[in-house]
Each structure stands twice: as C-alpha cells, then as structure tokens.
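Working through the structure, step by step
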Amino acid sequence: IKSQQTRKKGDGLNDVQEIIKTEKAFPERRLRGVLEELSSGCSNFLNLANKDQNLAGVTKLDRERLKLLMWEMENMSQQAKSMRTQVKKKTVKDKVKEAHDFLQKLRFLADEPQHSIPHIFIWMISNGKRIAYAKVPSQDILFSDTPEECGKDCAKVKTIFFKLPGKKSFGPAGWTVQGKTEVYLWLGLNKQRKDFLSGLPNGFEEKKSGKGPGAPPISLTYMMKQVFQLRVHIYQARSLFAADFSGLSDPFARIFFSCHSQVTEIISETLCPTWDQLLVFDNVELYGEASELRDDPPIIVIELYDQDAVGKADFMGRTFAKPVTKMFDEHYGPPRFPPQLEYYQIFRGNCTAGELLAAFELLQIGPGGKADLPPIDGPTDMDRGPILPVPIGIRPVLSRYRIEVLFWGLRDLKRVNLSQVDRPRVDIECAGKGIQSSVIQNFRKNPNFATLVKWFEVDLPENEFFHPPLNIRVVDCRAFGRFAMVGSHAVTSLRKFIYRPPDKTGSYIVFLNISSTEEIVIHTGDPVVKKMETVVKLDSDDDNEKGKKKQNNDEDAEEETLDQTMLDWWSKYFASIETLKEVRALVHSLPRNVELLVLAKTIDLNYYMKGNKKKKGKAKDKNKAPRTDSEPEKKKQKMDELKVYNKELENDFDNFEDWLHSFNLYRGKAGDQEEQNEADEDRIVGKFKGSLCVYKLPLLDEMGRDLNHDSTMGMFQNIPPNEPINVLVRIYIIRATDLHPSDINGKADPYIAIKLGKTEIKDKENYVSKQLNPVFGKSIDIEATFPVDSTLTVSIYDWDLVGIDELIGETKIDLENRFYSKHRPTCGIPSTYSIYGYNVWRDPMKPKQILAKLCKDGKLDPPQYGPGGRVKVANRVYTGPTEIEDENGLKKPTEEHLALAVLNHWEGIPKVGCKLVPEHVETRPLWNCQRSAIEQGRVEIWVDMFPKNQPAPGPPVDISPRKPKKFELRVIVWNTDEVILEDDDIFTGEKSSDIFVRGWLKGQQEDKQDTDVHYHSLTGEGNFNWRFIYPFEYLIAEEKIVISKKETMFSWDETEYKIPARLNLQIWDCDHFSADDFLGAIELELNKFVRGAKTAKLCSIDMILKENEMPKVNIFKIKRIKGWWPLVARGEDDEIEITGKVEAELHLLTAEEAEKNPVGEGRNDPEPLEKPNRPDTTFLWFISPLKAVRYLICNTYKWLIIKIVVVLLILAMLALFIYSMPGYMVKKLLGA
C-alpha cells in the first residue's frame, strides 16, 4: 500500500512540476488533487491496518512498526488536509516543496527493515556462463485478494532489462542494456494459484503439463496478435553529456521497441542537437487484445550515444517513453492525435544527462493495410536523402525571429594545447543559423570586442517551450587560417532573453496614464532611523521605590541622549546584527504558512512584528511583572543601521545580470560523478560576457518608430561603452567566521590576501593568532583597469612558522558586472544622510547628483524640488526633512534628504526603477579547490568602486578593530552576615566558621585575591575592610573583557580571548589541616547586575531567583555602588539556598584615574583602610594558647566556677562549723 501511495504521489508531483514548467493553467488544482489522494490513501491504509493487527505469525518488530506506520499515516493525513486548504496560486511552488517532504517520508516508510521473502533473480546464460541478470523485488509481484495490497507489477507483462553482474555494472560500461525480455510474474499463496494467469493478455491457448489440476501450463500459444506501425518523432535534445575532450559530442539516438531497433542520424559537435527526424517501425507484432494494448502499450527505450571515429560509440544516457496508441477503428484527430512533443528526462546512471524533445505514436494496421494509416505529411528535404522530417501538425509552428547578440568581451581564457589564447572569436548558432563576432586583436591588452551588437534572423517555434538551444563557441584564430576550439556554452532556454513589449501586459499604458492624470504621494517622514539598543548598552538604575522616581526619570532622559563620541562604524554594524537576529527569530516564530509568505516577500513582515509586540504587551499586563531594562521602549537608542546580507550580495540582485550576462565556457569530457557541479567546475575554461535579445521581427519596426531606437545598437540602448576604464577599488574586510582548522591544535592563524589582476597583497604580518573567528577590520585600496582586472579574489591563509602557508579558503567577485549594473552596487546607499560622525556620507557624489544622473540615464525629467519638503520624480512625489545638523549643532537647509528618500525607493519609479544596493555588508562563503564540496568558512566584506575620471572619494571608513580600554575595578569587602557555620568547637562543641572572602574577574582566575580570615565567627558575621584591585582591558561596544595570554609555554604568540565582564565573590571556611570549605558564591555581570540591598535584612535570595524582575545597574555607567548581595550554593536536595551575605563596594576607574589616585591592596598604603572592629573571640587557639585558656575559663565556664567556689565555701564553712561545734559546746558547758 505504501509503495503504491509513494508511486502515485511521485507521479502527481511530477505532473504539477510539469504544469508549472510549461506554464499551463491551474497547477494548484492538480496539487490539491494529489494531496486529496494522499489523505484518502492514508485513511485507507489505517482502515486496512486496523483489520490486520491480530493476525497470526506477527513478530514484535512487525507490531511496533505497524504502530509507527499508523501514527505517521494519521499525522500525514491531517497535514495533507490542512495543506490542501492552503494551496493558492501564489504559494503553489512552496507547497510543492512541502509535498516533496511528504514524498521523502513515504519512501522511507515504504522501505521494509527486513524482507521476509527473498527477491527473484533472472539470469541470462550463454554457453553455461552467466553474463547478465535482472533483479525483481518480491513485494512488486506479491498477489493479494485486496487490490490495494497487490504489488505494482503483479500479474502484468513487464519489460525487464538485464545488466552486468558484480562490479562490471558500475560506470558507463555497466549502464548500457545487455538485453531485455518481457516476462509475466506472479507470486502468491498456493491457495491463490487459480488467479496466477488472471493478468495475462487474452487470446492464448494453454499446453497443460498433466500434473494435476491447478498446475501451471508448460507453455502458452497466442493465437491473437495485432500488427502496428510505430512512428517515432525525434525533434531535438538539449544539455547532453559532453563525451569528447572538446567539451562537445557527436550524438545520435537508438530507439528500441519490442524486437525492433533504429537509429537517427549523427549530429556533429554539439550538445543540443536538432534531428527533426521521423523513424517508422513497420509491421510490429504485439500479442494480446487490442483494448489492453491501447491502455498499456509496451515501453519504448531511447538511448543516446556519442559517435567516435575510432572505437565503439560511447553511451551518453537513456530515457523511456510510452507511445500514444490508435486502434484502426479510431479517428485520427484531436484531442489525442496528432501527439504533442514532450520533453523526456535523460538519465546517465543516477544523474540527469539532458532532455529529449520527442513524440511517439503507435498505429494499428487494420484490414485495409497501411493505406488506412494517416499519411505522413511534411516538407521534403532532398539534401537529407531518405531521412523523413517530423510531419506538420507535430513539428512546432515556426515564426521569423531576430536574435540580437551583445558582444561585450571574454574573460579568464585558459590555454589551448599549451598555447595562450591571443585572437579569440565568438560564434553564435541557433537552429542552423548563426553569426560571428569581431576578432579581438590582442586578448591580453583588451579582451573586449570592438563591435558590440550584431544580429541574425532565424525560424523558431512560436511556443517558447520548444525553442531550440543557442550554442556559444569561442575559437582562437591562429596563423595560416587555423582555428583552435577554446570552449563552448549551451543556452538551453531562451525565455529570459525574449523581449516582451510593455503593452503586452498593459503596464506601459498604465504608467503613461498615471503619470499624466495623477500623482502618487509617498511620505517618508523623518530620515529612516530605526530604534535599536545601542551596542553600548546603557542600563538604567531603576528602583521600585517611590522615592527614586525622579532619579529614574533623570537616568532615562540621560539614556535618550546618544553620546556621539562613543559611536563608530562598529556601533552601527553590531546594531544591524541585532536587527538581523530579531528578524530571523520572528520569522522562525511565525506559523509555517506565514513564514513562507514572508520569505517569498508576498506579505509585510512589519505587520507581524507589530502584532508580536502587542501580544507581548498584553502578556506583560496580564502577568503584572515589573518591566526590566530590556523591555521599555525608552531604553532603545536611535541608531543608524546598514544591511547585513547573510549570503553573497549578487544573490539578491540576480547576479547583477540586469543587462550584462556571464556565460561559463566549458571544455573537456564531463565526469561521471553524482555531484555534476564538481565536474563542471573543472571544465570551465573562461567566460563570455554579453547578452541576447530575441523577438519577432514585426515588433522591432513598431517599437523602433515609437522609441526612436539607435539602429546600430538594436534593443541594447543606453549601455556604456566597453572601453578600458581606471577604477579605484576599495575592499573592506571585516571578519571571518567558522574557518576550517588548519593546525593540529584545532585552530588557525589566519591572515588575508587580496588579488586583483596583477596586484597581489598579503597581510601576513598582521595574522590573528589561534582564531577560527578572526576580526580583521582592514580596508585596502587597489587601482584597477576594467576589463583586464575584473575578478577580485579574497583569500584567507593560515600562517605557519615553518613551511608554506596553507590556503584556508577563497571567494571570487566579478567586479565588472557590479560596476556596470543598474542596481548601482559601486557604493551602497545609506538610509540617512550625514555630514559628520560615524554615519558620514562616503560617496563622492551627493544624493542630489546621483538622483539627477539616474533621471538623465533613464530619460526622465529632472527632479522637481518644491516647498514643504517635497520632490517629484516621474509621477511620484516624496516628502522628507529639509534641514541637516552640523557638528556644532547648527541646522542648515538642504535637499539631500529628499533626494536620498527617492533613491531608497527607486524601485517604485515607473519604467526605469530598480532596487538600488543599500549600504551593506555581505557574507561570502570560502571555498578551497582541494575540498570543493565543503564550505571552509565565511568572510564578511563589502567593496566600493570609484571611477578615476570622477571626483576622488574621501578617506576610507575606519573599521579597524576596536582597542580595549584599560580599567581598574576596586572592590572593598566590608562585612559578611548570616554565613552558615561549618565547624564544631573541640572543647565546647559550638558551631563556628573561620570566614574569608575570595574574589576574581572571570578569565583571570590566576589573579584570585583573598581577604584575611575572620576566625571563630559564632554568628556568621565577619568584618574585613579589605580591598581587592583588578586591572583589566574592556571593549565597551562588545561588553567583553579582553585577555591576551599564551596557551602553553611552547606557544609562539599570545592568544586573545573575549569573555563577559563578570566579578566572582565567594565565601570560604578556612581550615589549616585540611582543604578549605566552600560556603557560597555570587557572580555579578558588571554591565548588568542586580542593585545591592541597603541592609542585610533587605538582602534575600529573591535577588538571585528573580533576577530578571529586579532593578539592574551598570558599573560602567554609575562607576560606584555599595550594598549587600546574597551568596548561594546548592543544598543536599540540589536546590539553591542562601549561605551568606556580603557587603561590598565596587568602584570603577579608568587607568588614567587609577594612576592619579592610587590605593593599596588589602589595608596597605596608600589610602589604607581601617582595621575591622572584630570581637575578642576572633583568634586561633594554637597561636595564642594563654588567650585560649583564658577565653575557655572566663567566657565558657565562668559562672560554673563561681558556683563551684560558692558551694565549696559553703561546704567549708559547714565543715568548720561541724568540726568546731562540739568543742565550743563543751567549753560553754564546762565554762572553760
């Protein structure tokens, strides 16, 4: 069932793609039908699978796999239903791509993990030796009483092709068919054998074997046969395999049908042959009923070969086709006859190898013989002898066309037979007609042609789908009339070069009417400045207390004012990167159907951005969470931005081929790799630069009168001269990312190399040590001459101390196409106009001058500037500001903003408008010829070009990497409180801790600093008055600390690290005879950390757990802060719990300020801190034993000793009383 669904889905998608390709009507209807079939097929599978769940002999693997299949099919059915409702005319191409994902999943599910029934092998044996075989999967011929569960080839007569066994089947030799046979196969249960002949064509007699009822017959004798005539109409082929070393082929086609075979004529030296030939197969005998043959005729095999002068022909590819069958009693007429020409994909192994345009018809010969067949009508060609052309009605209807060719020049031609190309010429050929360019007299001095435009007339089909390819050949004119083939290129489709008059779509008339009757007003408002967080993130000092309202307002106002002195080009760059990330995140968060529309630019992304913000705002109000520093709009700074392309610039502007196209020239035999692009790259021997224009001849005269065309230039009007021109090329190389490691340590030491023409610059001295994401920040100026120096190569090498530097990767840019493009990529158009600061205008031409030139080149009226900030160009009126502010804050009137507004919306100008390249940074992949299939990294650059015959440009933009600023952080640890008690007293058993605080900056662990120890803290309170001093280097814009150090003692250079600015504070319990015990820690991000509490009581664990809801501060802004912060650790249940509190003071100074006001570490001079007032109990017993004894006796057992002494005194007095009482009484009694 899954195999049948996969086959139907694949056929349906192929039909949809063919409809789109041929521009037929309603491809969305066919796609909806395919999705409906898929949904119903999945539902049918679920119904049948539910019945088979309790069958006997099912293994656990079968049951689990069935569950997976049912789950996948149910999901696929729902997704197909949902997608069917979303299929529209505009989105049909995107939906086809999504449908292909379903097809891939179906193919994966249809592949059984283990086959319980072995496959069937059919061997072809000659003289007892196996010479060829064919394999038939058993599931394809498996029989079932349920039609949906039958194999696709069960009980059918199928044509099977034999191939060589073993390794011989690989490569071109194994791709040729060794033989073919027609077989009938059936595989089923023994109880179902009564049905094994049910699929055979009728009209046969069985020869019984005599082994009993139900036994298969020994043979079948067909008494019924049909006689047919097969007509094969081979018109042309395109993009064939290059089988000769010249890069061309001598193709011919061989057609197999039943037991008949014929070949076409040989067309010499072409990859796009036009045979225009009819092949007739007479008296073809086929067995079976006529109705069956009409519905399922045999397959026609077409193989293409390259004829060689010596040796056998080389196999080029193969395709299959089914003829349109006509029975003798049917009428030969529309809609089925005559058959229409169709393109058939040619395959060479698993790779495509071109397309064949042909038609096939199978005509039954009735009782009246061949006389009843439709006559073969068509022109007679006596020059071709007995070869019949494709008859009228099948061959395309021809019209007279003119093909104009713009011969611009040739580039990068390689040697031919070890000789340099000196006098090349271009030959253009199409449909047997052609033209030659002028000969370039000295290719090395000037590779451009002297005569720009030539044309020739040719008969082409009216249906653009059937237009023959156009062949471009470059030959080198050598001495004594010799010609050497340099390379060739086949333009397989002329559709994009066909001239379509404006009135065909009505746009020309509409534009004229609009411009003459009404104006379209476009409000641009203020300069296009986007609100973005500046890279220097200036966080507020918000506090939730009411008493701080005024202070917060002041800080917000302070943030609204942007410090221009802190901004540079990198500020603008990083702000643009942030915008790019936000847009990507938003696009990925959209529903799938909306995301496709956004990517297709059919809807406005801003609508969803606004909606997303509203939803977020509602969520905030609902949760009533306090606004953090990143949420309020007030914190967002106004920042000019540039466009960051995450791909090559030319990808967004059609390779800058708006009028000048580049055609790669190929030479040599094509490879047999599956990655055909790799083989083609090795065959490129140069480029032909020019263009084509194809149109019907009557149109030229009418348009020539209307538009007053120059007769010498034809349709190529207003193009610049192709004479050599001197240009200043300014290359900005920003950074590289994800470079391929070149050293054994997994890193690289990259540096940049620039090559333009004969100029080569290697910045080897400024290599970046041990980096895969280096920041270069270089601008290089090179003077070049177009067209000689037209290809810019930016390479990145790995520096090595010993040996040759290794190429990591390179990228090549065609500067000439950019220089002459109408999109004006010579110098990007910024979004705003400034005369100072980080966004200063860098083009030597001001916006007004650029706009005036574009209007002149487009034959428009000059821009009309009016009062109230209005400018009119064509029928468009733009509004904008008319003042500009200089460095001193003085405002001056200007019209540059208005002109720039028009330039930023130039694509909206009728007839001549196109999108101008904005100020940008492009990201280009790096490639290495030794690892051509793998991207070696990416480099971010942009290129400016300034003609030398125009005013000189200003100095280059300073994009040098920012140097870190030196700071000194002074941290004073005053006190601790509520520190957990870890130790037990030896004598008393009391809980205590010997507390000390440790601190360091992240990345500087070797510079850890500790306070002295507060011994024997019984309450968790500690007093220190201890100062830490941490000097560091900091990049304000990137908010990173820069650390340079050697990785190992054997490292040649220091490696630079950029890490977040974070202060770590920890509390420890000091132990002298064992390792110190860790108690708790806190990490403060210096540019955004929680404001400290005023007292220890206000300090709570919420400052850690609810950090996002707490007010944040930036030490780089406020410079100094004091407060209490909690220290936490994970308990036994792995939950965060507070283990202490620390009172600290952070003071940030620049290096200059620290040098003027030095302080000592700890409590040392200068500016020593007072000693802490610690309790008398803070001592160590083995250092002061007498003090320990006194403390033990006085403090611990004082009252006990007093009580004992009192008791002893009382007892002594009682004892003395008892001892002296008898004597005293005797004396009293005796009167002594």
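In this text the structure is predicted, and so the values were computed from the model without any measurement. (Residues numbered from 1 in each chain as written. Predicted model: local features only at pLDDT ≥ 70, side-chain atom pairs only at ≥ 80, totals over all residues. Heavy atoms only, no water.)

Right, let's talk about the sheet that holds strand 30 (residues 759-762) for a bit. Spatially, 30-29-32-33 is the arrangement adopted by the four strands of the open sheet, whose pairing is antiparallel. In the strand order of this sheet, the two ends are held by strand 30 and strand 33 (806-814), each with one partner. Taking each pair of neighbouring strands and ignoring which way they run, the sheet shows an average axis angle of 15°. Relative to strand 30, strand 29 (residues 750-756) is paired through four bridges, and the arrangement is antiparallel. From the neighbouring strand, K755 faces strand 30, where its bridge partner is E760. (Pairing = 2+ DSSP bridges. Helix = DSSP H or I, 4+ residues; strand = E, 2+ residues; numbered from the N terminus. Axes fitted to C-alpha atoms, helices over the stretch in contact; angles between N-to-C directions.)

Turning our eyes to something else, we now look at the UniProt feature "transmembrane region" (unreviewed entry) in the chain. Summarizing the sequence annotation, UniProt attributes the feature "transmembrane region" (unreviewed entry) to residues 1199-1219 in the numbering used throughout. Counted over residues 1199-1219, helix gives 100% and strand 0%. Its end C-alpha atoms are 30 Å apart. (UniProt positions renumbered as here; feature names shortened; annotations may be inferred.)

A few words now on the sheet that holds strand 25 (residues 643-645). Taking strand neighbours across the sheet as the criterion, the five strands line up as 25-39-40-28-31 in an open arrangement whose pairing is mixed. Either end of the sheet is taken by a strand with one partner, and the two such strands are strand 25 and strand 31 (775-786). In this sheet, neighbouring strand axes are inclined to one another by 25° on average, regardless of whether the strands run parallel or antiparallel. Of the pairings in the sheet, the one linking strand 25 to strand 39 (residues 920-925) comprises three bridges and is parallel in character. Bridge pairing in strand 39 places K643 opposite H920.

Applying the stated criterion across every chain, the model contains 50 salt bridges. Among the salt bridges present, the one from E98 reaches K95, with a minimum N-O distance of 3.4 Å. Of this pair, E98 and K95 both sit in helix 4 (residues 92-110), three residues apart, which is roughly one turn of the helix. For K95, a relative accessible area of 3% translates into the label buried. A salt bridge links R1163 to D1012, with the nearest nitrogen and oxygen atoms 2.7 Å apart. You can see R1163 sitting in the loop between helix 19 (1151-1156) and helix 20 (1185-1196) and its partner D1012 sitting in the loop between strand 44 (1009-1010) and strand 45 (1014-1017), a full 151 residues away along the chain. Because the salt bridges share partners, they merge into one network encompassing R294, D295, E330 and R336. (Salt bridge = Lys/Arg side-chain N within 4 Å of Asp/Glu carboxyl O. Buried < 20%, exposed > 50% of the residue type's maximum accessible area, 1.4 Å probe, protein only.)

Quick look at the environment of S219 now. The topology assignment puts S219 in strand 6 (residues 219-222). The exposure class of S219 is partly exposed, given its relative accessible area of 28%. Sequence separation between S219 and E206 is 13 residues; the distance between their C-alpha atoms is 6.2 Å. Ignoring sequence-local partners within four residues, the contact set of S219 consists of E205, E206 and K207. (Contact = heavy atoms within 4.5 Å.)

Moving on to the packing of helix 3 (residues 60-86) against helix 4. Taken N-terminus to C-terminus, the directions of helix 3 and helix 4 make an angle of 165°; their axes are 11 Å apart at the nearest point. For the element pair helix 3 / helix 4, the angle class is roughly antiparallel. The two elements helix 3 and helix 4 cross, and the hand of that crossing is left-handed. Touching R65, L69, E72, M73, M76, Q79, A80, M83 and Q86 of helix 3 are K95, E98, A99, F102, K105, L106, L109 and A110, all from helix 4. In the contact of helix 3 with helix 4, the residues fall into ten nonpolar, two polar and five charged. (Parallel < 35°, antiparallel > 145°, perpendicular 65-115°, else oblique. Left-handed = near helix turned anticlockwise from the far one by under 90°. Nonpolar A, V, L, I, M, F, W, Y, C, P; charged D, E, K, R; others polar.)

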